[in-house]
Structures are given as C-alpha cells and as structure tokens.
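Geometric and topological summary
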Amino acid sequence: MRWKTIFVGGIALLTACSSSEPAPPLVTGDAGTDAGSVADAGGGADAAPKSVCEELGPATTASATDVVSTKQPASAVPAAQGGTIADGTYVLTAMVGYTNGSIPTIPTRLVLTFKGDKFLAARKESTDTEKSSGGTFTATSNALAFKYTCNGASGGILLNGQPLTYTATGTTLTTFEQTYAGDGTPGSAIVTAMTYTKK
C-alpha cells in the first residue's frame with residue numbers, strides 16, 4: 001500500500017492506492033513533434049524543366065503539304081507590317097520569290113508553333129530527312145528574330161538570330177527573307193516571302 005496526494009479545491013487529500021497501480025507514462029517534449037516531416041523526408045528532388053522542344057513538341061510536318069515557290073518581280077515585294085503573332089500552329093501555304101532572276105523550286109513543308117515567346121519549327125525539303133528545332137523569338141516593330149535553344153539550328157530551318165521582317169494578321173504569318181544577295185546583275189537578289197496559315 002502506498003499513498004498519494006490529491007488536490008481538491010486547493011485542499012490536499014491523502015488517499016491510499018494499490019502498489020500495483022501502474023505509474024503514469026513519462027512524456028518528454030512534444031509527443032506529436034513533426035509527424036508529417038517524417039512522411040515528407042522521402043520526397044524526391046524537383047524534375048528538371050522541359051526544353052522548348054519537349055514542351056511544344058513533338059515537331060512534325062505531317063499536317064503540311066509540299067509548297068513550291070512562285071515568282072514575282074523584285075519591285076513587287078510588299079511592305080512588312082509587323083503585328084501580334086497569336087499562339088498556335090501555323091502551316092506553310094505559299095512561297096513567293098521576288099526577283100528579276102531565277103528562283104529555286106524545291107518542294108518544302110514547314111510547320112511553326114508559337115506559345116508566348118517560344119517557338120517550335122519542323123521543316124522538310126523534297127526527299128530530305130525532316131528537321132526540327134525550337135527556342136525563343138522576339139518580335140519588335142516589323143522585325144522577327146529566332147534564337148535556337150534545343151535541337152540545334154538543324155540546317156537553318158529559320159534564320160538564327162538574324163531578323164526577318166514579317167506581317168501577322170492573327171490567322172496568317174508572312175515572313176520576308178533575303179535568301180540570295182544576287183550576282184550583281186540588276187534584280188538578281190531574291191526576297192522570299194513565306195506565308196503560313198494558322199490551323
């Protein structure tokens with residue numbers, strides 16, 4: 001037999017209890033300390049960010065058909081108007097070579113995808129292997145410049161870092177590129193206008 005003291009209303013009462021009564025459990029610290037932190041301990045590291053090619057891909061020309069350049073006089077090049085390039089996928093639907101000389105007639109398929117300041121391009125010429133690349137672009141006034149960040153330049157799908165001029169209407173995009181400087185004869189230079197239609 002042992003005794004224990006109970007306080008009731010500030011008055012100490014002495015009561016008897018069995019010696020076999022188990023002692024109260026010993027509590028040290030906060031019993032619930034960081035229970036959730038143990039579960040979180042196995043969390044893995046954040047996944048690496050996707051490249052533009054992964055984010056906007058896969059790049060493919062499957063939705064395009066072959067386009068061959070037509071010819072117009074060098075003096076007929078329309079003025080580039082600039083504009084906002086709406087997000088979406090654009091398929092090449094026309095190519096015009098403005099020149100007083102000759103133009104190449106290579107069947108070409110080209111698909112561009114834009115999202116924010118990112119782009120993805122897929123190009124196939126004649127029987128060549130399809131090429132693709134992606135990165136970022138800037139559009140200032142009527143100048144458009146592409147910078148590759150994934151898959152390399154892939155044989156010059158688009159000019160890398162060299163501004164083109166362009167006109168965007170919301171449903172179409174036309175880029176103007178001097179593809180040939182000329183051989184010195186009047187009008188031998190070629191400005192190629194490539195028109196893409198938004199899907």
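Everything in this summary refers to the structure shown in the same document. Model, not experiment: these values are computed from the prediction. (Residues numbered from 1 in each chain as written. Predicted model: local features only at pLDDT ≥ 70, side-chain atom pairs only at ≥ 80, totals over all residues. Heavy atoms only, no water.)

Brief notes about the overall build of the chain
Definition in use: Only DSSP runs of H or I covering at least 4 residues are called helices, and only runs of E covering at least 2 are called strands; the numbering of each starts at the N terminus. Whether a residue is buried, partly exposed or exposed follows from its accessible area with a 1.4 Å probe, protein chains only, as a fraction of its type maximum: under 20%, in between, or over 50%, in that order. We call two residues in contact when some of their heavy atoms are within 4.5 Å. Computed with a 1.4 Å probe, the accessible areas rest on the Shrake-Rupley method; for each residue, only the protein chains presented here act as cover.
Summing up its helical and strand segments, the chain has two helices and eleven strands in all. Mapped in sequence order, the helices and strands of the chain form the string β-β-α-α-β-β-β-β-β-β-β-β-β. Residues counted as buried form 30% of the 199 residues belonging to the chain. Considering only residue pairs separated by 6 or more positions, the chain has 54% of its internal contacts joining residues 24 or more positions apart. Summing over all exposed atoms, the chain offers an accessible surface of approximately 11800 Å²; the carbon and sulfur share of this is 55%.

Re the environment of lysine 199
Positionally, lysine 199 belongs in the segment after strand 11 (190-198). The exposure class assigned to lysine 199 is exposed, which follows from its relative accessible area of 62%. In this structure the C-alpha to C-alpha distance between lysine 199 and tyrosine 90, which are 109 residues apart in sequence, comes to 5.9 Å. With residues near it in sequence (within four places) discarded, lysine 199 still touches Ser63, Thr89 and Val91.

Some details on the packing of aromatic side chains
We count it as follows: Classification of ring pairs uses Phe, Tyr and Trp, with its six-membered ring standing for Trp, and accepts pairs whose centres are within 6.5 Å; under 30 degrees between planes counts as stacked, over 60 as edge-to-face, and the remaining range as tilted.
This model, assessed by the stated rule, comprises five aromatic pairs. Aromatic side chains tyrosine 90 and phenylalanine 114 sit 5.7 Å apart centroid to centroid with 80° between the ring planes, which places their arrangement in the edge-to-face category. Separated by 24 residues along the polypeptide, tyrosine 90 in strand 4 (residues 88-98) and phenylalanine 114 in strand 5 (residues 108-115) bring together distant segments of the chain. Given the relative accessible area of 1%, tyrosine 90 is considered buried.

Some points on unusual backbone geometry
Along the chain, glycine 57 connects to proline 58 via a cis peptide bond; the corresponding omega equals 5°. Position of proline 58 relative to the elements: it lies in the loop between helix 2 (52-56) and strand 3 (70-72). Despite not being glycine, serine 126 has its phi angle at roughly 50°, a positive value. A relative accessible area of 37% places serine 126 in the partly exposed class.

Side note on the pairing of strand 4
The condition that has to hold: For two strands to count as paired, DSSP must find a minimum of two bridges between them.
Most of strand 4 is tucked away, with eight of its eleven residues classed as buried. Where strand 3 meets strand 4, three bridges bridge the pair, whose relative direction is parallel. The partner of glutamine 72 across the bridge, within strand 4, is tyrosine 98. With eight bridges connecting them, strand 4 and strand 11 associate as antiparallel partners. Looking at strand 11, one finds that glycine 97 is bridged to threonine 192.

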